[in-house]
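Close look at the chain arrangement
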Amino acid sequence: MNRCLPLLLAAVWGLSVVAPAFAQPGKHEEELSWDRNIRGLVKQYCYRCHAGDQPTGDVDLKADENPRMIAANRAVWLRALERLQDGEMPPEDAKQPSDKDRDLLVRFLKQTVSELDCETLRDPGRPRIRRLNRVEYDHSIRYLTGLDLRLGETFSPDPDSYGFDNIADSLTLTPAQVEQYHEAAKKCVSALLEQQVPSGDEPASVFFIKPSEDVPPRQAAQQILQRFARRAFRRPVEDAYVERLLRIYDMAIDEGQTHPQAVGQSLIGVLLSPRFLMRIEQNQPDAEYAYPVDPFDLASRLSFFLWSAPPDEPLLKLAETGELSNPDVLEQQTRRMLIDPRSRALAENFFGQWLQIRELQSHKPDAKAFPQFDAVLATAMQEEVYQIVGDMLQNDLSLTTLIDADFTHLNEPLAVHYGIQGVAGADFRKVGLQDRRRGGVLTTAALLMRQSDPGRTNVPRRGNFIAGTILGTPAPPPPPNVPALEETTSDQGPVTLRAMLELHRRDAQCASCHDKMDPLGFAFENYDAIGQWRDQEAGVAIDASGKLPGGQAFDGPAALKQILLDRREAFATTLARNLTIYAFGRGLELADECVIEEAVEQTTAADYRFSALVVSIVKSYPFTHRRNPEF
Amino acid sequence: MSRSAKLSRRTLLRGTGIALALPWLDSAAPRAAWAKAAGSGASQAPVRLAYFYVPNGVNMNDWRPQDGESLDQLPKILSPLESVKENVVVVSNLAAEHCNGKSAGHEPAGGGFLTGVKCKHSEEPEVGAASVDQVAAREIGLGTPVDSIAMGIDPGFRGDHGYSGTYLSHISWRSKTTPAALELNPKQAFERLFRDAPPQHPHWDAPQEQRSAEPSAESSVLDLVREDARDLQRRLGFEDRRKVEEYLDGLRSVERRVDAASRDSYSHHQEAFKDAVPERDGFSNLLEVAIPDGRGIPELYADHVNLMLDIMTLSFQTDTTRVASFLFSNEKSGRSYPEIDAPGSHHSSSHHRKEPKYLDQLTRINTHHMELFARMLQRMADIREGERSLLDNVVILYGSGLSDGNKHNHDDLPVLVAGGGGGTIRGGRHLKLEQKTPICNLYLNMLDRVGVDLKSFGDSTGRLGQLS
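Note that the coordinates shown come from a computational prediction; the quantities given were computed from them, not determined experimentally. (Residues numbered from 1 in each chain as written. Chains lettered and ligands numbered in written order. Predicted model: local features only at pLDDT ≥ 70, side-chain atom pairs only at ≥ 80, totals over all residues.)

With that settled, the discussion passes to the overall build of chain A. A count of helices and strands for chain A gives 26 helices and 12 strands. At 28 Å, chain A has a C-alpha radius of gyration in line with the 25 Å of a compact globule built from 631 residues. Across its three principal axes, chain A shows a C-alpha extent of roughly 90 × 65 × 45 Å. In chain A, which comprises 631 residues, the share counted as buried stands at 46%. Look at the contacts in chain A between residues 6 or more apart in sequence, and 66% of them connect residues 24 or more apart. (Helix = DSSP H or I, 4+ residues; strand = E, 2+ residues; numbered from the N terminus. Rg over C-alpha atoms; globule rule 2.2 N^0.38 Å. Buried ≥ 20, exposed ≤ 12 C-beta atoms within 10 Å, placed from the backbone. Contact = placed C-beta atoms within 7 Å.)

Shown next, in the form of structure tokens:
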């Protein structure tokens, strides 16, 4: 594959720190000239809508005045390229370019934005400090103490960016939060001490050594603190630091505190340290270019990605020997961690947030319309999604499992909700399915309910979820001053929602977006606002048919699932984009496009196994490298 | 009014029409102490500042008072204010042009409401400037244990069209990129504000004690942590140093409080009231009693709001802080309110398309919020501070960055000002301004009341002349 990128782009993206520099810019047999060949065409066919103060779909193509600016605004122009190729743009009612002109535009855009030279485009991005978010804090405390205290749940909520709560630059810190950490550290240590006194040896992990005739108390304290701080800081600690911790221990002993209490005082110091609360990676002050990330930092990157938790002992050991930096070992560890039960964190925090069901409990369906709904059912709905993802992880299944599958995971309340017989009890189990009404996550009650209003389905929202979250092509925002959708009645009484939306779409301004959302949403009309199957609504048979913008017709959820399966590469790409954002803890930069492209290639070659996607991201250049911050 | 005395011991009654509430910090006893303090040439209690935000705009038909100055006839949504309307100015025709965002009605309306400047269109949040409450907190917050509090009910949700969800969930910003941490959990908020000590009456003119705390193991822990952070900071790049600096800021505020607690276990103000507060015990079991499910968040929305507002009131009364903000829910909230017969999504109802059934739901929700707000104002009116009430000594803005949720317009905003501003605001009025008067003008007037004197803020063009 010929992946080239104009030289100028390097300057735009500030890649100068990366070696090797752009010694050999890409060459094309016939470079198209923006000024000579292209600008006129864009002006002729695009600017009528996509220019000015209020451009259609908020896409202003005129703002990018030369190839350099076009390349910098890559995401937008890639979409333009896609639409041009699909024949979706210019829209039907606008002047159409000749095939030759269309071809020119496509070729130019491919040259300018779609082909990346990934050999030279290697950049780990600006390094960032990452504060532990609430979930990571709780997982860390559980790992360190063995206690399930969930202190982080009551912390102030973490900011959301790109739909995730683990984005480095958004995880800012305020005095209120430091106070919360302080309170939590104290509570955590009291809980440890309470646990420690009665049983004497549990939890052995923290107070693993007791003062005895052979071990003077201060020495026991020293060993306890050394071990705890290493686990908390996710790397070995200097003796000098432990010595400072011991001075607190001494002081507390002088104040008359007991040995465990005095150790506890020092533990508070560890739990309040920025080295625990933040992930601060090691610099190599002398390095000119990007360098392989320190193995301990790599271990943390990996474990917080897959487990939302600190690295465990095997990872730390491999970091100590440096073996973790070996790509084969890294892959081995990734695979070990994916099938480990702790990867539940990936299901909850990546998939839970991406699919927008992690906070499902805050969605309150209308109790009058749905008296059968309760918190038990809500929890079961959410659990089904986590179980499906868990199954995919444990059994190394294809990521298409998320779109469609001949099984799901149910307990009794959810099986009753789905009208599936023969599932008794509160425990979840794998259940084979007879038809395609369920299977995959898109037709789970959790997702269907989440994209509904409390009392009724929300067709455009469900459709937009599929178009945007699943396929990566969200409808543009509604233009300002949307014309009101007046309630329409006829002699036959009120018109159905479908008829109303069809009326809406007759307006060209509305149609450009709603054509993308509504048909996809109607495919799910057989599921009510809590995701229960229905054949009719208010006595009228459900019509779940639709036509996609490309002209493809379908009827019902099974047909739509088939369409999505046919578009599995688009789905894999969206998944890869989101997973990369989540793994890197930052927005995507140009060089990350190579990571995504590579990951999708890898998973395609591996029958779309999800693990291939993860392994590829983990082994990618940005994940395994870093550069120095600006001093 | 003697309502406070009557209610002071009646805590936490449910099912008899009395909502879940914090017990009163009795104001009867301190009244004597107030007199004593006044006799000794006491200084006045300061003016406290708060901002209340309602999402999705309101049904303006049921908000807008009739033309003219009078508030004799309160429109439906404002009707809960009847008993406190002498302390309310409804301000019409304010605009927040800075809430206009490219392609998004809600995100910049919430995130930008108090900043007066446009938000960046980005997933990593960046508003234009620190919000007005935080600007005030920097000046008037340093003398109190907590410089400000930012409270809310709902954690928010992801943003849309390339905006961070943080714009929806936060109106208070300590800096362009740092939203003030939101307190959603009454238990957590109470613990943080009042630490291990029960709430106390402040004594406004007592001298601050200067004695510094003895070094202890506890304070040494903080020393160690600070040194460790400083060591770390030296090895970091510029951006990262700033991040650790945020941490050190936070640590200083912990130290300040640990220090204060070790000097005076009752309050940062002084001894004088120690004996004058017989109700102290009423608070000791508060957390266990007030919050039934153990996690700290009541089931019912009204209970949750009432508890949060009681805590805000208490923190004003005890001078724990002088600056607060509160979100009834995140902007674009889809919360449903079945308990007041508004079971649909709030956001969906706000896109009412002029249909009566949606407008009706919207009015119910808007009125419900106002009831809860009015209840707090009433409590504040019942708390004596010398010659005045607490309500006389606050200045509170209540409003939204959106007017009509169906149109997403940011002019003709629903806004009112409550409180006497320390005797500087003439209430009981409808103030109809010139169309599209910047809301930042009002912010300046409010800052004046708390002694923060700015030439301009955000897109302000001057001050409103008619507030006093």
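Let's shift gears to the overall build of chain B. On a plain count of helices and strands, chain B comes out with 13 helices and 10 strands. Looking at the 468 residues of chain B, the share that counts as buried comes to 56%. Counting contacts in chain B only where the partners sit at least 6 residues apart, residues at least 24 apart contribute 71% of the total.

This part covers the pairing of strand 2 (residues 88-95) of chain B. Residues and elements named next belong to chain B. Among the eight residues that make up strand 2, seven are buried, leaving the element largely enclosed by the rest of the structure. Where strand 2 lies against strand 9 (residues 415-418), four bridges are found, and the strand directions are antiparallel. Within the sheet, the bridge partner assigned to Val90 lies in strand 9 and is Leu416. Sheet topology places strand 2 next to strand 10 (residues 429-438); six bridges connect them, and they run parallel. For Val91, the partnering residue across the bridge sits in strand 10 and is Leu431. (Pairing = 2+ DSSP bridges.)

All names here are of chain B. Among the six residues of strand 1 (residues 48-53), six are classified as buried, and the element is accordingly described as predominantly covered. Burial along strand 1 is two-sided: the face carrying Arg48, Ala50 and Phe52 and the face carrying Leu49, Tyr51 and Tyr53 are both buried. Examined bridge by bridge, strand 1 and strand 8 (residues 394-399) share six bridges and lie parallel to one another. By the bridge assignment, Tyr53 is partnered in strand 8 with Gly399. Examined bridge by bridge, strand 1 and strand 5 (residues 323-327) share five bridges and lie parallel to one another.

Bringing the confidence of the model for chain B into the picture now. All names here are of chain B. Per-residue confidence for chain B gives a mean pLDDT of 83, with 79% of residues at or over 70. Low pLDDT, under 50, characterises residues 27-42; the predicted model gives this stretch 23 contacts beyond four residues in sequence or across chains. In the model, residues 264-289 has pLDDT below 50 throughout and makes 48 contacts with residues more than four positions away in sequence or in other chains. This prediction of the complex comes with two scores: 0.86 for pTM and 0.86 for ipTM. (pLDDT = per-residue confidence, 0-100.)

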